[in-house]
Amino acid sequence: MDNMRNKELADMFNAIGDALEFKGENPFKIIAYRKAARVLSDMTEDIESIHQRGKLREIPGIGEGIAKKIDEYLRTGKMKKYEEAKRDIPEGLLELLSIQSVGPKTLALAHKNLGVKSLSDFKKVASDGSLAKLPGMGNKKVENILKGMERFEVSKERISLGDAIPLVQSIVEKLNRLKGVKDVSPAGSLRRFKETVGDIDILVTGTEGSKIIDYFTKLPEVGQILAKGETKGSVVMRTGQQVDVRVLSEDSYGAALQYFTGSKAHNIKLRHMARERGLKISEYGVFKGSKKIAGRIEEEVYRTLNLPWIPAELREDRGEIETAIDGKLPQLVKYEEIKGDLHVHSKYSDGSATVEELAIEAKRLGYEYIAICDHSKSVKYAGGLSEDRLLEEIEEIDRINAKLKGITVLKGTEVDILQNGKLDYPNSLLSKLDIVVAAIHTSFKKDCNKRMMSAMENPYVKVIAHPTGRLISSREGYVIDINEVIGYAAKTNTALEINAYYDRLDLNDVNSRKAKDLGVKLSIGTDAHHKHQLWMMKLGVGVARRGWLEKKDLLNTLSVTKLRNL
DNA sequence: GCCGTTTTCGGCCCGACTGTTTTCAGTCG
């Protein structure tokens, strides 16, 4: 619920952009609207407060025209330009732009000449030959559009990071085994650890491109081949994800990696800077006139602009380039600096592994500790522990700690924050634990701010778990003012969790950064319910890095002793 | 529509591929 106006305005400007594109307006005008939309949704500050201070024009990407429209909307609740854009175009038509090989020109052509208003109209004119007869169209184009429609109907969802990473790992391993392959690296939003990814991009250096592409397109998990050449192969996996592999020469590997990692906004800004210096950046290198001056590694590309290398997770055009110019980039936390997982479930509640199995797996992962935080008694559907059961678990943890060397099991709980704001266990019990994580699991619309704040006032509560409650694939989350929660966490010195479970990633990148800026510590927990889910720590670290977090901002980098004495 | 140590007007990020063309438009990443 945070910054709602920003989101509304961003959606409106994106819609205007789509409409103008459909109408064939000046492309740069369209870019301007989309840029304004992106800036608004990336902003941590509420647009209303900026508006009240009269500082709209100071936001980069917001000029006279768009500032006026924002003002109009915030004052009257309406925006004429937006109403106009919506009025002229049939509902749902612009969604068809997501069909592969269909862009604004093709769609406008079909709409004007053949009256296409929906997917079924569009399919009909594609199949009966009338679309192919239009000027500039032809049989091959229409064939591609029909293929695109098939894919459009199956799924247009972005892939979750938790599904994409294992898939990419297995492809990377297979490519690495092939003779003639030197480097293999994922690029794109996956490398930036964005919470969902569109298509998966993998870059390869090696000789004999066509052999590499041939091998890739014949992998057993490939369902359909979209394109196949000497430098690029594009496929749809049986599981539905699109994967592109590109083969490059070593002397342009860095430039290509930089280019294909994105984000688009980050790259546009870099190319803008290059232009000012009389340079040109492409996926093949940095050029001064026709002379190539960089391209082997990413560092070279950044160096030509007098910039330090910028970690992929920061490349969103959220101030990282300006900060790099000032030489003030954060020392992002590294996965190797994480000493343990601070939120894991065992068989005692709804997990599938025993405490000992989890401890052994944690040790194998190189951790110093793992915190077992099973559910508390009121959470019946998740096998919440009665007070006696928790005491038994505490005793078992003591026995395991005595037995196992090289790993410490921390006694914890994910104690429920009840409807009335009270905790599900008495303080006398909480005092026996190493770490108390508190969370809301019921009544998402009832007094969530008040309940969380009252939990933070409890001296034993060290962490608030999944503070917004959202599920990426399916749920909005609590009705909550996250800014107030973050502010109160700062005041009470309570840490907020970055829940690393792939469908949560909660807090997200932007809110984690906000928390850090207010001096709040963060705690990464996988919320794993199986021992094979502990790897998702990597996703949590990805979110932390996207949130500009450093080692000192996280509880997971503290020693066991310091954690216990929090 | 935005923006300015070359500009308040005239630019605006770059290249490949494909299919339709006979020199280029549209789409994509």
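Residues numbered from 1 in each chain as written. Chains lettered and ligands numbered in written order. Predicted model: local features only at pLDDT ≥ 70, side-chain atom pairs only at ≥ 80, totals over all residues. Heavy atoms only, no water.

1. Regarding the domain arrangement of chain A
Its domain assignment divides chain A into domain 1 (4-156), domain 2 (159-248), domain 3 (253-325) and domain 4 (335-564). Using only C-alpha atoms to locate each centre, domain 1 and domain 3 end up separated by 29 Å. (Domains from an automatic or database assignment.)

2. Side note on the protein's contact with DNA strand B
If you check the shell around DNA strand B, you find 41 residues, and the closest are Gly63, Ser101, Thr106, Tyr259 and Arg271. Looking at DNA strand B alone, sugar and phosphate atoms form 72% of those within 4 Å of the protein. In the model, a phosphate oxygen of DNA strand B is placed 3.4 Å from a nitrogen or oxygen of the asparagine 139 main chain. Secondary-structure elements contributing two or more residues to the surface near DNA strand B are helix H2 (27-42), helix H4 (64-76), helix H6 (104-114), helix H8 (139-154), helix H13 (264-276) and strand S8 (280-282). Taken together, the residues that form the surface near DNA strand B break down as 14 nonpolar, 14 polar and 13 charged. (Near = heavy atom within 4 Å. Polar contact = N/O pair within 3.5 Å; in protein donor to acceptor, adjacent residues only side chain to side chain. Helix = DSSP H or I, 4+ residues; strand = E, 2+ residues; numbered from the N terminus. Nonpolar A, V, L, I, M, F, W, Y, C, P; charged D, E, K, R; others polar.)

3. Let's talk about the pattern of salt bridges
Following the criterion strictly, the structure yields 38 salt bridges and no others. A salt bridge links lysine 182 to glutamate 250, with the shortest nitrogen-to-oxygen separation between them at 3.5 Å. One end of the pair, lysine 182, is in strand S2 (residues 181-186); the other, glutamate 250, is in the loop between strand S7 (242-248) and helix H12 (253-261), and 68 residues separate them in sequence. The exposure class assigned to glutamate 250 is partly exposed, which follows from its relative accessible area of 35%. In this structure, glutamate 313 and arginine 545 form a salt bridge, with 2.7 Å as the shortest nitrogen-oxygen distance. Placement of glutamate 313 in the loop between helix H14 (298-303) and helix H15 (320-325) and of arginine 545 in helix H22 (residues 537-546) is noted, with a sequence separation of 232 residues between them. (Salt bridge = Lys/Arg side-chain N within 4 Å of Asp/Glu carboxyl O. Buried < 20%, exposed > 50% of the residue type's maximum accessible area, 1.4 Å probe, protein only.)

4. Some remarks on the packing of aromatic side chains
Counted by the stated rule, this structure contains four aromatic pairs. Here phenylalanine 13 and tyrosine 33 contribute two aromatic rings whose centre-to-centre distance is 6.0 Å and whose plane-to-plane angle is 35°, an arrangement assigned as tilted. One end of the pair, phenylalanine 13, is in helix H1 (residues 4-22); the other, tyrosine 33, is in helix H2, with 20 residues separating them in the sequence. We note that phenylalanine 13, like tyrosine 33, is buried. Between tyrosine 259 and phenylalanine 260, the ring centres sit 4.9 Å apart and the planes meet at 90°, which makes this aromatic pair edge-to-face. (Phe/Tyr/Trp six-rings, centres within 6.5 Å; stacked < 30°, edge-to-face > 60°.)

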